[in-house]
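What follows is the residue order along each chain.
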Amino acid sequence: MNGTSVSGRFRIGKSFRFEAAHFLPGLSAGHQCARMHGHSYAVEFVLTADRLVPPGFVTDFGDLAPVKQLIDSALDHRVLNDVLPVAPTSENVAAWLAGWFVEHVEPPLPGRLVSVRVSETQSSWAEFVLEER
């Protein structure tokens, strides 16, 4: 760098994977997603901070371990319709995970959750973006 000062925010992301089945109620009988089927899900949590905490973190990735614990115990190799309080679309799963994170993981962290992205396939995703807090 040439010594020029810039302003901005820091962001980090942490990805998790799980396998699960679901079906989407309310679709026509011929719609493929109306039938039970499975996905290899990828979930990414993005956090932000204006300043870094020592030794230079937005948040220590190790502090996100409760997310893996939730995914492993509640979502992995489950039928999402049976374990979630919402219809298990990628959009709803992302919003549900964001709400869970803000309530259960975020309070002691220096970083704040920006978004949660859920992918059912390598070529499609849904993202829940939290409003500026």
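Model, not experiment: these values are computed from the prediction.

J.: I'd like to hear about the side chain of S115, residue by residue, with values.
T.: Topologically, S115 is positioned in strand 4 (residues 112-121). On the accessibility criterion, S115 (1% relative accessible area) is buried. At 3.1 Å, the side chain of S115 forms a polar contact with the side chain of E127.

J.: Give a detailed account of the nonpolar core, specifying residues and quantitative values.
T.: Residues F45, L47, L97, F101 and V116 are the most contacted members of the largest nonpolar core, which totals 29 residues. Those elements giving two or more residues to this core turn out to be strand 1 (10-22), strand 2 (37-49), helix 1 (65-75), helix 3 (90-104) and strand 4. If sequence neighbours within four positions are ignored, F101 has contacts with F45, L47, L64, V67, E106, L109 and L113.

J.: Quick one: what's the story with the environment of H22, residue by residue and with numbers?
T.: Residue position: H22 is located in strand 1. On the accessibility criterion, H22 (1% relative accessible area) is buried. Discounting residues that sit within four places of it in the chain, H22 has contacts with R35, M36, H37, H39, Y41, L80, N81, P88 and E120. At a separation of 2.8 Å, a polar atom in the side chain of H22 contacts the main-chain carbonyl oxygen of P88.

The rules behind these values
Residues numbered from 1 in each chain as written. Predicted model: local features only at pLDDT ≥ 70, side-chain atom pairs only at ≥ 80, totals over all residues. Heavy atoms only, no water. Helix = DSSP H or I, 4+ residues; strand = E, 2+ residues; numbered from the N terminus. Buried < 20%, exposed > 50% of the residue type's maximum accessible area, 1.4 Å probe, protein only. Polar contact = N/O pair within 3.5 Å; in protein donor to acceptor, adjacent residues only side chain to side chain. Core = buried A, V, L, I, M, F, W, Y, C linked by side-chain atoms within 4.5 Å. Contact = heavy atoms within 4.5 Å.

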